[in-house]
Amino acid sequence: MFLALRELAFARTRFGLMGAVITLIAVLMVLLSGLSSGLVVDGVSGLMRSPVDAVAFSEGTKTDSAFTRSEVTAAQAQTWAEQDDVADAELLGTSIVNAKNDDGSALDLTLFGVVPDGFVVPEAADGRGLTTPGDAVLSSSARDEGVEIGDVITLDRLGTTLTVVGFTADQRTFGHVDIAFVPLTTWQEVHAGTTAGEQPDPAAYDVASVVALRGVDGQTPDLAAGDAAAGTSARTLEAAFDSSPGYSAELMTMELIKAFLYAISALVVGAFFTLWTVQRTRELAVMRAMGASTRFLLTDGVLQAAILLVISLTVGVSVGLIFGSLLEGTGMPFALETGPILTGAGLLLGLGLAGAAVATVRIASIDPVTALGENR
Amino acid sequence: MKREPMTTTTNPTQTRTGLNLTDVMLTYGDGDDQVSALDHVDLAVAPGELVAIVGPSGAGKSSLLAVAGGLTQPTSGAVVVDGTDLVGLSSRDLATFRREHVGFVFQSGNLVPALTALDQLRLVEKITGRRAATPPLELLRSVGMEQHAHRRPGRLSGGERQRVGIARALVASPSVLLVDEPTAALDRRRSHEIVEVLADQTHTFSVATVMVTHDHDVLEHCDRVLEMVDGQLRPL
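Participant: Residue-level account of the overall build of chain B, with values.
Facilitator: Across its full length, chain B carries 6 helices and 12 strands. Its C-alpha radius of gyration of 17 Å places chain B within 12% of the 18 Å reference for a compact globule of 236 residues. Summarising its shape, the C-alpha atoms of chain B cover approximately 55 × 40 × 35 Å along the three principal directions. Residues classed as buried in chain B amount to 50% of the 236 residues present.

Below you can see the structure in the form of structure tokens.
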């Protein structure tokens with residue numbers, strides 16, 4: 001520490017530049033974490049914030065976009081409801097629609113067809129809940145689109161009208177589109193393609209996209225047993241996220257970008273400390289000749305890297321949080337979450353230290369005899 | 001973090017026996033390419049004695065310092081400092097031995113650029129984990145550098161850097177002081193001053209000092225002068 005601190009102060013321009021690079025990497029990490037979390041929230045917050053423990057899809061439905069491909073029946077929901085470890089099982093319809101508001105402005109919505117007095121429907125924080133066919137409770141984020149209580153939304157092509165009767169307390173989106181919770185019967189009519197004023201086929205009222213499940217005492221029910229009985233393909237809620245539109249591909253892209261960022265960070269820190277060690281070869285040889293142990297020199301080198309990393313990361317994360325807080329609430333899918341940011345900072349610190357440690361290990365190979373004569 | 005208390009170096013001059021090299025050989029290469037850097041070298045330096053070794057470049061002067069200081073293991077022979085034969089010791093044991101018994105003065109001082117003159121000496125305390133028997137500031141005073149204690153090497157002249165280098169080499173109260181071309185980058189006046197300081201410190205601290213040099217002008221300050229030619233040591 002004695003030497004590390006004094007060298008940091010002495011070579012402050014060099015360390016300052018390196019610190020600035022690490023700071024920028026930390027800022028980028030915070031922004032990528034925020035974007036990643038924002039995409040998750042934007043993609044599946046409607047599911048994340050629901051009281052559902054598992055989702056049963058129709059058997060053989062492909063994982064990707066299964067929510068819109070799957071079709072289950074009331075009988076299958078009933079079979080699930082009869083399972084001992086299932087507290088609630090009810091039909092849930094999901095479909096993405098294009099619509100227009102009163103003022104003619106275009107709206108994209110995900111219709112969640114729910115049983116009005118069931119367990120999936122969220123409480124309206126503003127307005128009222130679902131009572132009659134054609135009611136809609138919208139995600140609070142739909143207000144940003146200019147939607148207000150009392151607005152009448154008309155679905156394209158079908159002409160079906162929905163009356164906005166309330167808003168949820170928080171953002172509820174699915175596939176980056178605001179959710180409109182509507183009575184299951186309304187969703188079934190839309191799903192069947194029934195135009196305004198037309199009477200739907202009675203069979204339309206028997207189907208939905210999936211069966212939403214809640215286990216007894218918050219435990220995930222035995223999905224294999226339920227599947228065998230109901231002829232479905234059930235997944236836990238978290239596994240079901242992958243079945244929402246584009247979710248896996250988006251996350252994979254973000255994770256890949258972050259992985260590259262971590263790798264670049266380790267390489268940059270490693271390269272800097274390699275050059276720093278090479279520059280100090282003469283003085284390190286002198287210290288080794290004076291009897292400095294390899295451990296003494298390595299500890300000093302790694303501590304130096306740790307001090308640089310901790311200070312730079314602290315500054316970088318702070319700056320990133322300030323930038324991030326400005327991005328939150330804009331149209332960009334962005335959410336600052338403590339867990340991913342702390343994990344990212346920990347990874348940058350760990351990988352940076354690993355890079356520095358690999359670089360400073362060359363200290364062990366410096367021959368102290370090079371401090372003598374003209375061998376320098 | 002709680003710092004471990006440093007022990008203070010003792011100055012056991014009564015147990016010092018100086019430096020003894022007996023029939024030391026140091027060869028490089030094989031067969032026809034074999035070169036003898038040190039050829040049957042015998043050298044005994046008593047505590048408090050300053051021995052100068054002169055000779056042309058490539059004669060083996062630096063090799064002698066490397067072997068005497070435990071930086072290089074000889075091909076054969078014995079290198080004994082205070083009764084301990086360095087031949088056969090592991091790298092770790094040699095480093096420990098150097099910390100406690102050997103001081104080096106390098107060409108141009110070879111000081112750490114980031115440290116002030118005083119911190120150069122404190123660094124040795126950190127390396128050895130022991131407080132110096134003579135406080136660092138006192139050592140700087142003894143080489144006439146007290147007023148520059150808080151200057152870094154970049155703000156010191158060549159002669160001043162060498163003085164700090166000498167003080168640094170004495171922090172751990174070594175039995176043996178090995179000095180490598182201390183006047184190589186100095187003018188005539190400063191060369192005399194530096195070797196005078198070396199002689200003074202050698203006698204004051206009862207150190208067995210070996211100085212290799214090209215500079216014949218400064219030999220008058222030395223107790224004994226030897227010449228090294230082709231790896232062989234002989235009186236001048």
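Participant: Which residues make up the overall build of chain A, and what values do they have?
Facilitator: Within chain A, the secondary structure is distributed over 11 helices and 13 strands. On C-alpha atoms alone, chain A measures out to a radius of gyration of 29 Å, which is more than a quarter above the 21 Å that the 2.2 N^0.38 rule sets for 376 residues. Taken over 376 residues, chain A has a buried fraction of 45%. Counting only contacts in chain A whose residues sit at least 6 apart along the sequence, the fraction spanning at least 24 positions is 80%.

Participant: Describe in detail the packing of helix α2 (residues 12–48) of chain A against helix α8 (residues 247–279) of chain A, supporting the description with residues and values.
Facilitator: Residue and element names in this part refer to chain A. Close contact between α2 and α8 brings their axes to 10 Å; oriented N to C, the two are set at 170°. By the angle between their directions, the pair α2 and α8 is classed as roughly antiparallel. Contacts between α2 and α8 pair Met18, Val21, Ile22, Ile25, Leu28, Met29, Leu32, Leu35, Ser36, Leu39, Gly43 and Val44 from the former with Tyr247, Glu250, Leu251, Met254, Ile257, Lys258, Leu261, Ser265, Val268, Val269 and Phe272 from the latter. Here the contact of α2 with α8 is built from residues that sort into 18 nonpolar, 3 polar and 2 charged.

Participant: Any chance you could break down the pairing of strand β1 (residues 54–58) of chain A for me, citing the residues and the numbers?
Facilitator: Residue and element names in this part refer to chain A. The element β1 is largely enclosed, with a buried count of 5 among its 5 residues. Where β1 and strand β12 (residues 210–215) come together, 3 bridges link them in antiparallel fashion. In the strand pairing of β12, Ala54 is matched with Leu213.

Participant: Which residues make up the sheet that holds strand β12 (residues 232–235) of chain B, and what values go with them?
Facilitator: Residue and element names in this part refer to chain B. With mixed pairing, the 6 strands of this open sheet are ordered in space as β7-β9-β10-β4-β11-β12. Only two strands of the sheet have a single neighbouring strand rather than two, namely β7 (102–105) and β12. Strand-to-strand twist across the sheet, computed as the mean angle between neighbouring axes with direction ignored, equals 25°.

Participant: A description of the domain arrangement of chain A should follow, citing residues and the corresponding values.
Facilitator: Residue and element names in this part refer to chain A. Here chain A is partitioned into domain 1 (2–44 + 248–371) and domain 2 (65–243). Relative to domain 2, the C-alpha centre of domain 1 lies at a distance of 46 Å. Listed by partner, the interface residues are 6 residues for domain 1 and 7 residues for domain 2. For the side of domain 1 that touches domain 2, a count of residues per class yields 3 nonpolar, 2 polar and 1 charged.

Participant: If you had to explain the interface of chain A and chain B to someone new, which residues and values would you point to?
Facilitator: With 21 residues of chain A at the interface, the matching set in chain B holds 22 residues. Looking at the side of chain A that touches chain B, the elements with two or more residues in it are α1 (2–10) and α9 (281–289) of chain A. Tallied by class, the residues present in the side of chain A that touches chain B amount to 14 nonpolar, 3 polar and 4 charged.

Participant: Give me the lowdown on the sheet that holds strand β5 (residues 76–81) of chain B, citing residues and values where you can.
Facilitator: Residues and elements named next belong to chain B. Read across the sheet, 4 strands follow the order β3-β2-β5-β6 without closing on themselves; strand pairing throughout is antiparallel. Because the sheet does not close on itself, it has two edges, and the strands there are β3 (35–45) and β6 (84–85). Where β5 lies against β6, 2 bridges are found, and the strand directions are antiparallel. Directly across from Val80, in β6, lies its bridge partner Asp85.

Participant: Got a sec to walk through the pairing of strand β4 (residues 106–114) of chain A? Specific residues and values, please.
Facilitator: Residue and element names in this part refer to chain A. Counting buried positions over the 9 residues of β4 gives 7, a clear majority of the element. Here strand β3 (residues 86–100) pairs with β4 via 8 bridges, running antiparallel. Its bridge partner lying in β4, Lys100 is registered against Ala106. Hairpin geometry of β3 and β4 is characterised by an intervening segment of 5 residues between the two adjacent antiparallel strands and by a positive phi of about 90° at Gly104. Sheet topology places β4 next to strand β10 (residues 177–183); 6 bridges connect them, and they run parallel. Each residue of the ladder has a partner; that of Gly113, found in β10, is Val182.

Participant: Any chance you could break down the confidence of the model for chain B for me, citing the residues and the numbers?
Facilitator: Residues and elements named next belong to chain B. For chain B, per-residue confidence averages 88 on the pLDDT scale, and 94% of positions sit at 70 or higher. Of all secondary-structure elements in chain B, the lowest mean pLDDT belongs to strand β1 (residues 7–8), at 46, while strand β4 (residues 50–54) reaches the highest, 95. Every residue in residues 1–14 scores below 50 in pLDDT, and together they form 20 contacts with partners more than four places removed in sequence or on other chains. Two summary scores accompany this predicted model of the complex, namely pTM at 0.78 and ipTM at 0.87.

Participant: Hey, could you go over the nonpolar core for me, with residue numbers and the actual values?
Facilitator: With 86 residues, the main nonpolar core has Ile53, Leu64, Ala68, Ala167, Val176, Leu178 and Val210 of chain B as its most contacted residues. With 6 residues, the single largest contributor to this core is helix α3 (residues 117–128) of chain B. Within the second largest apolar cluster, 62 residues are counted, among which are Ala56, Phe57, Leu130 and Leu162 of chain A.

Participant: I'd like a rundown of helix α5 (residues 184–191) of chain A, residues and numbers included.
Facilitator: Residues and elements named next belong to chain A. Counting buried positions over the 8 residues of α5 gives 7, a clear majority of the element. If you check which residues of α5 are buried, you get Leu184, Thr186, Trp187, Gln188, Glu189, Val190 and His191. Remark: Gly193 follows α5 within two positions and exhibits a positive phi of approximately 80°.

Participant: Outline unusual backbone geometry, listing residues and values.
Facilitator: For Asp217 of chain A, which is not glycine, the phi torsion reads 55° and is therefore positive. Judged by local crowding, Asp217 of chain A falls into the exposed class, with 6 C-beta atoms found within 10 Å. Even without glycine at this site, Ser206 of chain B takes up a positive phi of about 50°. With 17 C-beta atoms counted inside 10 Å, the residue Ser206 of chain B sits in the partly exposed group.

Thresholds, definitions, all that
Residues numbered from 1 in each chain as written. Chains lettered and ligands numbered in written order. Predicted model: local features only at pLDDT ≥ 70, side-chain atom pairs only at ≥ 80, totals over all residues. Helix = DSSP H or I, 4+ residues; strand = E, 2+ residues; numbered from the N terminus. Rg over C-alpha atoms; globule rule 2.2 N^0.38 Å. Buried ≥ 20, exposed ≤ 12 C-beta atoms within 10 Å, placed from the backbone. Contact = placed C-beta atoms within 7 Å. Axes fitted to C-alpha atoms, helices over the stretch in contact; angles between N-to-C directions. Parallel < 35°, antiparallel > 145°, perpendicular 65-115°, else oblique. Nonpolar A, V, L, I, M, F, W, Y, C, P; charged D, E, K, R; others polar. Pairing = 2+ DSSP bridges. Domains from an automatic or database assignment. pLDDT = per-residue confidence, 0-100. Core = buried A, V, L, I, M, F, W, Y, C linked by C-beta atoms within 7 Å.

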